[in-house]
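Examination of the molecular architecture
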Amino acid sequence: MLYIMRHGKTDWNKEYRLQGLTDIPLNEEGREMARKAAAEYKDVHFDICFCSPLVRAKETAEILLKGRNVPIVVDDRLHEMCFGVYEGKKDVFHLPDEEPIKNFFFHPEKYTEPVEGGESFDELFKRTSEFLKEKVDPLLAEGKDVLIVGHGALNSGIISLVRNLPIEKFWSEGIENCKLKKLK
């Protein structure tokens, strides 16, 4: 089985700031979310956990799997999408419609050029596809249970690849903090 989980909350989540590659730690609410997830999913078997290199995802994985004999393997390809000049900005959902980041969230099919300094969907899909083919697919073929702890856009990209979703449906699954999602 393949499972994914998004990290617990951070102060920037609470402030509606776009995080991207900015390495923001969990806040106490996020740590508590991870502890609750550890209790809720204690009976779900994982052979291995792959994790983003960003501290909010690593700490979530560590809390979630504390006391379990599950290796946590950091892979740089699992970092969150880079949002360039928009990282750290508050309330990007309420920016004027002409701001390119609005298409990313509301009309992903129109997000054809990344924002200044940001990452494109093609770049996201390339690195996540390579990761899935190289690391995850062989383990699934062996019958292993794999967990990926990542981020909202990263996880949506993985879901899109696994379920072969069109780009218009990129956000269709919703990615809640510390909720386990079974993909296959």
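Residue indices follow the written sequence of each chain, beginning from 1 at its first position. Since the coordinates come from a predicted model, pLDDT governs what is reported: local features require at least 70, and pairs of side-chain atoms require 80 or more to be given and counted, while whole-chain, interface and lining totals use all residues. For the side-chain quantities, the full set of heavy atoms in the structure was used; hydrogens and water were omitted.

1. Points about the layout of surface pockets
Estimates place the volume of the largest pocket at around 600 Å³. For the lining of the largest pocket, the secondary-structure elements that each account for two or more residues are α1 (11-14) and α6 (152-162). Counting from the N terminus, the helices are DSSP H or I runs at least four residues long and the strands are E runs at least two residues long. For the lining of the largest pocket, the element with the most residues is α1, which contributes three residues. Tallied by class, the residues present in the lining of the largest pocket amount to 10 nonpolar, eight polar and six charged. Here a cavity means grid points, on a 1 Å grid over the protein atoms only, where a 1.4 Å probe fits yet cannot get out; a pocket means an open set of points with protein on both sides within 12 Å along at least five of seven lines; lining residues are those with an atom within 4 Å of a point. Grid points are joined across faces, edges and corners, and a volume is the space filled by probe spheres set on the points. All amino acids are sorted into three groups, where Ala, Val, Leu, Ile, Met, Phe, Trp, Tyr, Cys and Pro are nonpolar, Asp, Glu, Lys and Arg are charged, and the leftover types, Gly among them, are polar.

2. A few points about the nonpolar core
We call a set of buried Ala, Val, Leu, Ile, Met, Phe, Trp, Tyr and Cys residues a nonpolar core when their side-chain atoms join them within 4.5 Å. We call a residue buried when its accessible area falls under 20% of the maximum for its residue type, exposed when it is over 50%, and partly exposed in between, using a 1.4 Å probe and counting protein chains only. In terms of nonpolar packing, the biggest core is built from 31 residues, with F50, F83, I101, F104, V136, I148 and I158 touching the most fellow members. At seven residues, the largest contribution of residues to this core is made by helix α5 (residues 121-141). With residues near it in sequence (within four places) discarded, V136 still touches L2, F50, F131, V146 and I148. Core analysis: the next-biggest nonpolar cluster, separate from the first, contains 20 residues, M5, A38, V70 and L180 among them. In this description, contact between two residues means that some pair of their heavy atoms is separated by no more than 4.5 Å.

3. Here's the deal with the sheet that holds strand β5 (residues 181-182)
A pair of strands is labelled paired if DSSP reports no fewer than 2 bridges between them. Spatial strand order, β3-β2-β4-β1-β5: five strands in an open sheet with mixed pairing. Strands at the two margins of the open sheet, each flanked by one partner only, are β3 (72-74) and β5. Pairing of strand β1 (residues 2-6) with strand β4 (residues 146-150), which is carried by five bridges, proceeds in the parallel orientation. Within β4, the position partnered with R6 by the bridge is G150.

4. Some details on unusual backbone geometry
Despite not being glycine, D91 shows a phi value in the positive range, around 50°. Note on placement: D91 falls in the loop between β3 and α4 (100-106). Phi angles above zero are rare outside glycine, and C178 is one such case at about 60°. Examined against the element boundaries, C178 turns out to sit in the loop between α6 and β5. Residue class for C178 comes out buried when judged on its relative accessible area of 4%.

5. Here's the deal with the state of the cysteines
Note on disulfides: each one is a pair of cysteine sulfur atoms within 2.5 Å. Taken as a whole and assessed by the stated rule, the structure comprises zero disulfides. Left without a disulfide partner, C49 is nearest to the cysteine sulfur of C51, which lies 5.5 Å away. Residue C49 is classed as buried on the basis of its relative accessible area, which comes to 0%. With no disulfide of its own, C82 lies closest to C51 among cysteine sulfurs, the gap being 19 Å. Among the residues examined, C82 registers a relative accessible area of 16% and is labelled buried.

6. A closer look at the environment of M1
On the secondary structure map, M1 appears in the segment before β1. The sequence separation of M1 and G117 amounts to 116 residues, and the corresponding C-alpha distance is 35 Å. M1 has contacts with L140, K144, D145, V146, K182 and K184, leaving out every residue within four places of it along the chain.

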